[in-house]
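# Understanding the architecture of this molecule
Residues per chain are reported as follows:
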Amino acid sequence: MGTSKAVLHVLSGAVPQFLSSDMCSTNLDLVFYSKCLIKSAKKYGPKYLRSLKCSSMSGCRIESYRSKHLGGGLYRNTTIDRLKLLSCKCQQAESVSGVDTGRGNEAWFVDNAKKTNLNSSINSQNISEFDDAEQLKRENEASISNGKAGTGTSTFAAASVDSIEEEAWELLKASMVYYCGSPVGTIAANDPTSSNVVNYDQVFIRDFIPSGIAFLLKGEYDIVRNFILHTLQLQSWEKTMDCHSPGQGLMPASFKVRTVPLDGDDLATEEVLDPDFGEAAIGRVAPVDSGLWWIILLRAYGKCSGDLSVQERVDVQTGIKMILRLCLADGFDMFPTLLVTDGSCMIDRRMGIHGHPLEIQALFYSALLCAREMLTPEDGSADLLRALNNRLVALSFHIREYYWIDMRKLNEIYRYKTEEYSYDAVNKFNIYPDQISPWLVEWMPNKGGYLIGNLQPAHMDFRFFSLGNLWAVASGLATTAQSHAILDLIEAKWTDLVAEMPFKICYPALEGQEWQIITGCDPKNTPWSYHNGGSWPTLLWQLTVACMKMNRPEIAAKAVSVAEKRLSRDKWPEYYDTKKARFIGKQSQLFQTWSIAGYLVAKLLLADPNAAKILTTEEDSELVNAFSCMISANPRRKRGPKSSKQTYIV
């Protein structure tokens, strides 16, 4: 901490004004951005500093990181030239905000870096010292947990937790990505020990969600606003793979800020946003969840900041409608659930979730509710709102009725008759009772239940998928009784789902021949690793949101206390391996941003449970009334010519 204070003292008085940040008026931002400039000045010299002066269509300048008003014309429903619309023209200049860009300033940066010990060796030493201190602090945790610790020990433990939070905030701010001087997101991981970055240096839509929520809860709104508007621009780019383009409205999986030479000037550069819609991803899978998360974050931004002008903008309204039209498009499917390929969500590798995975359905339901709340009433939206409301009714009924499983339902499936050809069939999807695995019979508690992972004709995926169940609670897709039952199951199966690090992404893992067939012998998804039963600290925030909504914070608090014992000491891994989460993942990135942000969001929500309302939605009473109509109706009466009156307008 002594080094940090020295850094703050030197930089706060000596750094030119153009390095200050409007977005977060803290010294941490100054330190982190100065580190970045010091390294760049060392590497590139005067050429790097000359490239700092930027001008673009949004009028962004390096003097301030606060986002300027981007205007209502960012969005166009046409193919957009990457270098014309989204590039930040960097012009050759001898000075930036009156600061000389010659050797003098380069020397100033480098010299001050040496004086303040902002180099990799000192950082490594500080991290080592911090780890040693943390180890000593944790040796007292046993006496603290049994409630017999004295006042001095309790104070020491509180200080230890505070230091973990401080470290997490520092790391989160260090992961921030800037475009034209303004923060636009956070990189996926900032692991100094990894030689193979792959795409972890990019801003992922789904990965940024916990980061964005953390910034919102801290009152730092600009980075979230910038992220929302810049990703909106990317939505209308041309997306092609092997001469085929997906439907309009698809959001990218990730994007990266690249610096490229400016045409006609070898010394000048420009910044461009380079998105990936799945055409470069492993497996070439389009990210179905990106647009759904974008809508959820947009609503959270408006509720938390009070700034509804963003969601009311014409381009933002158009973006919402394009995502909805893409999701609500008619197809061949008889089910109201979204039909997707394997790997189209957080589980982005082959794991047998193709079809109608619960995670996508929970996010879909949540996004529909958020969009309905934000769409401005106008004549052009009437048909879309009607389709949205009808889908909400059918989707929630389908999930609650057919995905739910508890001991009673399991016994009912065990006694199913098959090959029923009837409108009144009990076993509508022709599920064979032999699909019930022995593990499930032993694992299902007497009190509790959950939503299964997938449902298709003659197939029920009985695995417990955490994100889908937790977000079903948060969004109200699960009924109140089902939501409490899901949390009851988590408590009953704590040693399986939490163990030494929360939270299992799915349970159980695929093993043996099943693993070989379903994953294709994926060496990264070996049993109890990565997406195949690995433990992901980022799921802490979804767990906390669900617990806050159901007024059961003790479950989240217990999980956070488990995570605090290891996360910082283990350098914030992406995931953990083994059945009890005892090992850091074999290919896990360290300093994974959404592990850091997930912990911070959980802590912030535990401190202020009412803040969870920016993410949750309540069970709609009018939807419940529609369910009762559907259940009491005779299926035969549904047959015949389609009538415009056969809709539920909520």
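So, here is what we can say about the structure in this document. Treat the numbers as computed from the prediction; the structure is a model and nothing was measured. (Residues numbered from 1 in each chain as written. Predicted model: local features only at pLDDT ≥ 70, side-chain atom pairs only at ≥ 80, totals over all residues. Heavy atoms only, no water.)

### Observations regarding the overall build of the protein chain
Let me state the cut-off plainly: Runs of E in the DSSP output that reach at least two residues are strands. Runs of H or I that reach at least four are helices, and both are numbered from the N terminus. In this scheme, a residue with accessible area under 20% of its type's maximum is buried, one over 50% is exposed, and one in between is partly exposed, where area comes from a 1.4 Å probe on protein chains only. Whether two residues are in contact is decided by their heavy atoms, any of which lying within 4.5 Å being enough.
Secondary structure summary: the protein chain contains 25 helices and 17 strands in total. Taken over 650 residues, the protein chain has a buried fraction of 56%. Long-range contacts, defined as pairs at least 24 residues apart, comprise 73% of the intrachain contacts of the protein chain with a sequence gap of at least 6.

### Comments concerning the packing of helix α22 (residues 540-549) against helix α23 (residues 553-564)
Quick reminder of the rule: As a rule, the C-alpha atoms of each element are fitted with a line to give its axis, helices using only the stretch in contact, and angles between N-to-C directions run from 0 to 180 degrees. In what follows, roughly perpendicular refers to angles from 65 to 115 degrees, roughly parallel to angles under 35, roughly antiparallel to angles over 145, and oblique to any angle outside these ranges. Left-handed is the label given to a crossing in which the near helix is rotated counterclockwise from the far helix by less than a right angle, and right-handed is the label when the rotation is clockwise.
Direction vectors running N to C along α22 and α23 enclose 160°, while the axes themselves pass 7 Å from each other. By the angle between their axes, α22 is roughly antiparallel relative to α23. Crossing angle aside, the handedness with which α22 passes α23 is left-handed. Between α22 and α23, the contacting residues are Leu540, Leu543, Thr544, Cys547 and Met548 on the first element and Pro553, Ile555, Ala556, Ala559, Val560 and Ala563 on the second.

### A short note on the pattern of salt bridges
Opposite charge on two side chains allows them to pair when their charged atoms are near. To keep things clear, this is the line we draw: We define a salt bridge as a side-chain nitrogen of Lys or Arg found within 4 Å of a carboxyl oxygen belonging to Asp or Glu.
Tallied over the full model, the rule gives 22 salt bridges. Between Glu378 and Lys321 there is a salt bridge; the shortest N-O distance is 2.3 Å. Taken together, the residues Glu378 in the loop between α14 (358-374) and α15 (382-403) and Lys321 in helix α13 (residues 314-328) connect sequence positions 57 residues apart. Notably, a salt bridge pairs Arg552 with Glu491, separated by 2.8 Å at the nearest N-O pair. On the criterion of sequence distance, the pair formed by Arg552 in the loop between α22 and α23 and Glu491 in helix α19 (residues 480-492) is long-range, its members being 61 residues apart.

### Things to note about the nonpolar core
Our working rule: By nonpolar core we mean a set of buried residues, namely Ala, Val, Leu, Ile, Met, Phe, Trp, Tyr and Cys, connected to one another through side-chain atoms within 4.5 Å.
Within the largest apolar cluster, 161 residues are counted, with the highest numbers of intra-cluster contacts made by Trp294, Ile320, Tyr450, Trp471 and Ile490. A per-element tally of this core places α14 first, with twelve residues.

### Quick notes on the side chain of Ser466
For clarity, the threshold we go by: Polar contacts here mean pairs of N or O atoms no more than 3.5 Å apart (in protein, one a potential hydrogen donor and the other a potential acceptor; neighbouring residues in sequence count only if both atoms are side-chain atoms).
Positionally, Ser466 belongs in helix α18 (residues 466-475). Among the polar contacts listed, one links the side chain of Ser466 to the backbone oxygen of Lys504, at a separation of 2.3 Å. Among all residues touching Ser466, those that are not within four sequence positions of it are Phe503, Lys504, Ile505, Cys506 and Leu539.

### Focus: the environment of Tyr200
Take Tyr200: it is sitting in the loop between β6 (182-186) and β7 (203-204). Between the C-alpha atoms of Tyr200 and Ser254, which are 54 residues apart in sequence, the distance is 9.8 Å. Those residues in contact with Tyr200 that lie beyond four places of it in its chain are Ile187, Ala188, Ala189, Lys524, Tyr530, Glu574, Gln589 and Gln592. At a separation of 3.0 Å, a polar atom in the side chain of Tyr200 contacts the side chain of Glu574.

### Focus: the packing of α13 against α15
Two elements in contact, α13 and α15, have axes separated by 11 Å at closest approach and are oriented at 50°. If you check the angle between α13 and α15, you find them oblique. Here α13 runs over α15; the crossing is left-handed. Residues Lys321, Leu324, Arg325, Cys327 and Leu328 of α13 lie in contact with α15, whose contacting residues are Leu384, Ala387, Leu388 and Arg391.

### A few points about the pairing of strand β9 (residues 265-276)
Stated formally: The pairing criterion is simple: DSSP has to find at least two bridges between the two strands.
One ladder, built from nine bridges, connects strand β8 (residues 254-262) with β9; its direction is antiparallel. Opposite Thr259, over in β9, you have Glu271 as the bridge partner. The loop that links β8 with its antiparallel partner β9 comprises two residues; one of these, Gly264, has a positive phi angle of about 85°.

### Describing the packing of aromatic side chains
Here is the rule: For Phe, Tyr and Trp, rings pair up if their centres lie within 6.5 Å, where Trp contributes its six-membered ring, and each pair is then called stacked (planes under 30 degrees apart), edge-to-face (over 60) or tilted (otherwise). A ring is scored as having a charge over it whenever the NZ atom of a lysine or the CZ atom of an arginine sits within 6 Å of its centre and within 35 degrees of its normal.
For the structure shown, the criterion picks out 20 aromatic pairs. Measuring from ring centre to ring centre gives 6.1 Å for Phe397 and Tyr402, while their planes differ by 90°; the resulting arrangement is edge-to-face. In this pair, the class of Phe397 matches that of Tyr402, namely buried. Ring plane angle 50° and centroid distance 5.7 Å describe the contact between Tyr507 and Trp528, whose orientation is recorded as tilted. A residue pair is termed long-range when its members are at least 10 positions apart, and Tyr507 in strand β15 (residues 506-507) and Trp528 in the loop between α21 (512-519) and α22 qualify at 21 residues. Take Tyr507 and Trp528: they sit in the same class, and that class is buried. Here a set of aromatic residues connected by ring pairs shows up, and it is made of Trp439, Trp443, Tyr450, Phe464, Tyr507 and Trp528. Over the ring of Tyr530 we find Lys524, and its NZ or CZ is 4.3 Å from the ring centre. A cation sits over an aromatic face here: Lys558 above Trp494, 4.5 Å from the ring centre.

### A look at unusual backbone geometry
In this structure, the amide linkage connecting Pro502 to the following residue, Phe503, adopts the cis form with an omega of 10°. For Phe503, the location among the structural elements is in the loop between α20 (494-497) and β15. For the bond from Tyr507 to Pro508, the omega torsion is -5°, close enough to zero to count as cis. Within the element layout of this structure, Pro508 appears in the loop between β15 and α21. Unlike most non-glycine residues, Glu419 shows phi in positive territory, near 55°. Position of Glu419 relative to the elements: it lies in the loop between α16 (407-414) and α17 (438-443).

### Section: α22
Burial of α22 is extensive: nine of the ten residues sit out of reach of the surface. Of the residues making up α22, those classed as buried are Leu540, Trp541, Gln542, Leu543, Thr544, Val545, Ala546, Cys547 and Met548. Buried residues belonging to α22 abut α9 (205-217), α11 (288-305), α18, α19, α23 and α24 (593-607). Immediately beyond the C-terminal end of α22, within one or two residues, lies Asn551, with a positive phi of roughly 60°.

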